[in-house]
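A structural walkthrough
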Amino acid sequence: MSRQTYGFLAVLAAAGALHVQAETVTKTLKADGSGDYATLAEAVTAMNALAEGDVGVIVLEPGTYSHTATLDVTGPVTIRSSTGNPDDVFVWVNRGSLKFPVFKLENSDVLLYGLTVSNGYSTAKKQGGGVYMTAAATVDHCKLVKNTGYTAAANLANGVIRDSEVSRNLGISTGMNAGLYVEGASALVENCRLINNIGDYGNGGLAVNIASGTVKNSVISNNFNTTGAYGRGAGGIATSGACLIENCLIANNTAGYSSGYETHGNGSHAAGVHVGAAGCVIRNCTIADNTGYAHGGIRVYSDGHLRLENSIVWGNVDTGYGKTLTGANTSTVLADENVSGLSQRYATNVCTTIDFGANCMTSDPLFVDPVHGDYRLATNSPCIGVGRVRDGDADKTDVVGNPRLRGGVIDMGCFTSLGTEPSVTVPETETDVYLVSGDDIAAAVRRCGNGSTLHLGDGEYGVTRTLVVDKGVRIISANGPEKTSLYRKGKEWSGNNCRILIGDHADFLLSGVTVSNGYSAAATVGSAMFLRCG
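For clarity, every value in this text was computed on a predicted model and none was experimentally measured.

1. Digging into the confidence of the model for the protein chain
Segments scoring low in pLDDT should not have their predicted coordinates read at a detailed level. A residue-level look at the protein chain finds 76% of positions with pLDDT of 70 or above and a mean pLDDT of 79. Counting interchain partners and residues more than four positions distant, the pLDDT-below-50 stretch residues 321-333 has 38 contacts. Here residues 491-497 scores under 50 on pLDDT; set against residues more than four positions off or in separate chains, the count is 19 contacts.

So this is what it looks like as structure tokens:
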């Protein structure tokens, strides 16, 4: 090639007219250190240093990858398991007494795929313990488990987490979260399971705290927020800005007692969803069987505004003073255990115990089997086909992936009825209800009426929230206390105010059951069982 040709190419390159093909650099690692790099930290450092425009891919063979400092990913790098299964690759930090995240993602083209991320620690609200995002990165098909801190699992800075599980994380300190902190107009939580997370003295959203963004097609269940002088956090979701919550199941979450705020009428955020600012929309959600010390299902706080559409809010319970409204304009809103503080004009096509007027209903939604966590609609549910159809619904799916529209109509709640679920009958009183070990005893109690008997088979019945019996129900074991126990499950940390049972009716009877592992912060209230009548 002539000197003139080289010179011409140099000019083109300098002017940006010469396209250089980007390269994808793929390296494979093995847990025993015998791969392309000895450690994951070394691989990340090398990929961050790739030439501009090149893309790095780190493939992890099955095994455990441990490191002693945050993995700071600054380049366009994908880190994925070779199998795509998060159960095969475990990434964690061996941090001892130090406190730092597992990953820090600083590039919007970063992707984590098929990994379990664990043992990280967050020291700030906008810093995830498992995954700390400073850019709009993506977490896909991952598990974020057993992380700790102010936002234990992950923060989304306009980022995305989809098809992932967030579970068994511990949130600490006032105002923080065990699960996710979501912020940014394009931030998205999609097709995720946020389950069994625990908040200790927090007042954020235990599973999800949304400053802005979208949570859709996700299950938020069995999360527990504890007590404390200022422990008033939501068990499921807390919002602090404009956001959309759509096609989600929010069930069996708990918001604990708060001594510091009870006398002010604030007591606690709702166990299901706490709306703390204007601009929140909840659409096609099922919010059921959540228990809060002050508010069970949804609480719209003070001047926070919520638009509630096509949703079912049912079976939620408060175990304390409850149904108290705070802030301005309390005369314009309605309140009970399911919904507190929502103006009638902002509820459309809703099924709950408050009559919000036209296109809303107070009938039992007839879930298939809520005792066992099945919140699909029975074939004779009054919520089928009575939702409001909106533009774009034809392209959406329900919480388990079924088309949102069926025959041109839409159902209330997060599930689309496919016409194959059973028809159910919910009598005023179920005379005898039989449970086996592991069944949801709280849901069973709600199906009972005065004079009913709840028969417990041998085994253990765990509760993650206080079991309130405010009617004349008899709970009787088949073979005595040596064979049958009622206990608080999943709360290893001290200071969690979780009474096992409150008997609030003169005809309530508990017989032949061992009750254990409760906790009470009040000298006049039993830790295992508290009887208001008896």
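2. A few points about the side chain of S477
On the secondary structure map, S477 appears in strand β50 (residues 474-477). Within the local environment of S477, its side chain forms a polar contact with the backbone nitrogen of G480, the two atoms lying 3.0 Å apart. Here the side chain of S477 touches G512 through a polar contact of 2.5 Å, landing on its backbone oxygen. When near neighbours in sequence (up to four residues on either side) are disregarded, S477 contacts L456, T484, S511, G512 and V513.

3. Regarding the sheet that holds strand β51 (residues 484-488)
The strand order across the open sheet formed by three strands is β48-β51-β54, and the pairing between neighbours is parallel. At either end of the open sheet lies a strand with only one pairing partner, and these are β48 (459-463) and β54 (514-516). Pairs of neighbouring strands in the sheet enclose a mean axial angle of 20 degrees, with direction left out of account. Two elements, β48 and β51, share five bridges in a ladder whose sense is parallel. Considered in β51, the bridge of V463 is made with R488.

4. So, the sheet that holds strand β32 (residues 280-283)
Strand order in this open sheet of 12 strands is β1-β2-β5-β8-β12-β16-β20-β24-β28-β32-β36-β41, and the pairing throughout is parallel. Whereas interior strands pair on both sides, the edge strands pair on one side only; in this sheet they are β1 (24-29) and β41 (347-348). Of the strands in this sheet, β1, β2 (55-60) and β5 (77-81) touch helix α2 (residues 40-48), which is tilted by about 165 degrees from β2.

The rules behind the values
Residues numbered from 1 in each chain as written. Predicted model: local features only at pLDDT ≥ 70, side-chain atom pairs only at ≥ 80, totals over all residues. Heavy atoms only, no water. pLDDT = per-residue confidence, 0-100. Contact = heavy atoms within 4.5 Å. Helix = DSSP H or I, 4+ residues; strand = E, 2+ residues; numbered from the N terminus. Polar contact = N/O pair within 3.5 Å; in protein donor to acceptor, adjacent residues only side chain to side chain. Pairing = 2+ DSSP bridges. Axes fitted to C-alpha atoms, helices over the stretch in contact; angles between N-to-C directions.

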